Amino acid sequence: MQMVRTTGTDRPALTVTDVTLRFGGVAALDGVGFTVAPGEICGLIGPNGAGKTTLFNCVTRIYRPDSGGVSFGDTDLARVRPHDVVRLGIARTFQNLALFPSLTVLQNTVAGAHARHQAGFAAALLGWPGTRSRQRRIEGEAMDILAELDLTDVAHRPAHGLPYGTLKRVELARALAARPRLLLLDEPAGGLTHAEVRDLGDLILRLRRDHDLGALLVEHHMGLVMSISDHVVAMEFGRKIADGTPDEVRAERRVIEAYLGKAS
């Protein structure tokens, strides 16, 4: 089955504009702004507590900023219901795996595809009338994705009990099944071996090329971020402290201090 690819003309930019979000008296995000251009891989780095995942949650409408905004192309995401964000073409993975342990790898992948359809995942699992032919087509597309990610051998196995690195790829398969134009990857290298991290970098670049998509990558593994990102945004204590090419950000004094501490 031939996968349907998006075209370069319908790849909008993600624009974050002066986003501020407070929890009580603490500013989790303080005037953060940057743009992820169509088809670009943008690395989002910073120490723990910098606000990276909070920013992800603003993009996907889990949180609503107190001020500022996030847009995807011409769409103001503040006007979009949280469950409709994926239908715009934004899909994400999670720092902590968000899979259904008792469902098979194939069923978990299919769940991502149903996020872009009006018919619910539960209706498809129950085989309600009108959903069966669509279900067969979606399962065929999901199997194509699993083949692309070398997951065919475990397609019919429950997610529970599979190796962690395999589960990371299953979650990526679930996100790809939504046919995104932008992938939000929340620490995809967490818990992986050095060899798996190298393979992950190659995979992200290949997915960008083959699926014609962009990515916003939150990651602590600096080798991965700097090797695959087109540009990098660095954060500390909810503020943006650098924004530029990997080489520019790597040499920025405030970034060095955030990771290594100020020289005495």
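Keep in mind that what you see is a predicted model, and the values were worked out from it rather than measured. (Residues numbered from 1 in each chain as written. Predicted model: local features only at pLDDT ≥ 70, side-chain atom pairs only at ≥ 80, totals over all residues. Heavy atoms only, no water.)

Let's talk about helix α1 (residues 52-59)
Right, on to step 1. With respect to burial, α1 is a largely interior element, 7 of its 8 residues being buried.
Right, on to step 2. Of the positions making up α1, those classed as buried are Lys52, Thr54, Leu55, Phe56, Asn57, Cys58 and Val59.
Right, on to step 3. Positive phi appears at Arg61, one or two residues downstream of α1, with a value of about 70 degrees. (Buried < 20%, exposed > 50% of the residue type's maximum accessible area, 1.4 Å probe, protein only. Helix = DSSP H or I, 4+ residues; strand = E, 2+ residues; numbered from the N terminus.)

Quick notes on the pairing of strand β1 (residues 14-23)
Right, on to step 1. One ladder, built from 7 bridges, connects β1 with strand β2 (residues 26-36); its direction is antiparallel. Directly across from Val16, in β2, lies its bridge partner Phe34.
Right, on to step 2. Hairpin connection between β1 and β2: a loop of 2 residues separates the two successive antiparallel strands, and Gly24 in this loop has a positive phi of roughly 65 degrees.
Right, on to step 3. As paired elements, β1 and strand β4 (residues 67-72) share 5 bridges and run antiparallel to each other. Within β4, the residue paired with Leu14 across the bridge is Phe72. (Pairing = 2+ DSSP bridges.)

Regarding unusual backbone geometry
Right, on to step 1. Positive phi, normally seen in glycine, also occurs at Asp18, with a value near 50 degrees.
Right, on to step 2. Looking at the element boundaries, Asp18 is found in strand β1.
Right, on to step 3. Positive phi is not limited to glycine here, since Arg179 has a value of about 55 degrees.
Right, on to step 4. Among the structural elements, Arg179 can be located in the loop between α6 (164-176) and β7 (182-186).
Right, on to step 5. Given the relative accessible area of 28%, Arg179 is considered partly exposed.

Thoughts on the sheet that holds β1
Right, on to step 1. Pairing within the open sheet is antiparallel, and its 4 strands lie in the order β2-β1-β4-β5. The sheet is open, and its two borders are formed by β2 and β5 (75-76), each paired with just one other strand.

Re α6
Right, on to step 1. Helix length check: α6, at 13 residues, gives a terminal C-alpha distance of 19 Å against a target of 18 Å (1.5 Å per residue), a fit within 8%.
Right, on to step 2. Here α6 lies mainly inside the structure; 11 of its 13 residues are buried.
Right, on to step 3. Within the span of α6, buried status applies to Gly165, Thr166, Leu167, Lys168, Val170, Glu171, Leu172, Ala173, Arg174, Ala175 and Leu176. (Expected span 1.5 Å × (residues − 1).)

Some details on the sheet that holds strand β8 (residues 214-218)
Right, on to step 1. One open sheet holds the 6 strands; their spatial order is β6-β7-β8-β3-β9-β10, and the pairing between them is mixed. For this open sheet the edge positions go to β6 (90-92) and β10 (239-244), each flanked by a neighbour on one side alone. Taking the axes of each pair of neighbouring strands and ignoring which way they run, one obtains an average angle of 15 degrees across the sheet.
Right, on to step 2. As paired strands, β6 and β7 are joined by 3 bridges and run parallel to one another. Its bridge partner being in β7, Ile90 is matched across the sheet by Leu182.
Right, on to step 3. Contacting β6 and β7, α6 runs over the sheet at an angle of about 155 degrees to β7. (Axes fitted to C-alpha atoms, helices over the stretch in contact; angles between N-to-C directions. Contact = heavy atoms within 4.5 Å.)

Some thoughts on the packing of aromatic side chains
Right, on to step 1. Counted under the stated rule, the structure contains 1 aromatic pair.
Right, on to step 2. Ring geometry for Phe23 versus Tyr63: centroids 5.3 Å apart, planes at 70 degrees, classification edge-to-face. Separated by 40 residues along the polypeptide, Phe23 in strand β1 and Tyr63 in the loop between α1 and β4 bring together distant segments of the chain.
Right, on to step 3. By relative accessible area, Phe23 is classed as partly exposed at 41%. (Phe/Tyr/Trp six-rings, centres within 6.5 Å; stacked < 30°, edge-to-face > 60°.)

So, the environment of Leu21
Right, on to step 1. Note that Leu21 resides in strand β1.
Right, on to step 2. For Leu21, a relative accessible area of 5% corresponds to the buried category.
Right, on to step 3. For the pair Leu21 and Arg64, spaced 43 residues apart in sequence, the C-alpha separation works out to 7.7 Å.
Right, on to step 4. Ignoring sequence-local partners within four residues, the contact set of Leu21 consists of Val26, Ala27, Ala28, Leu29, Thr54, Cys58, Tyr63, Arg64, Pro65 and Asp66.

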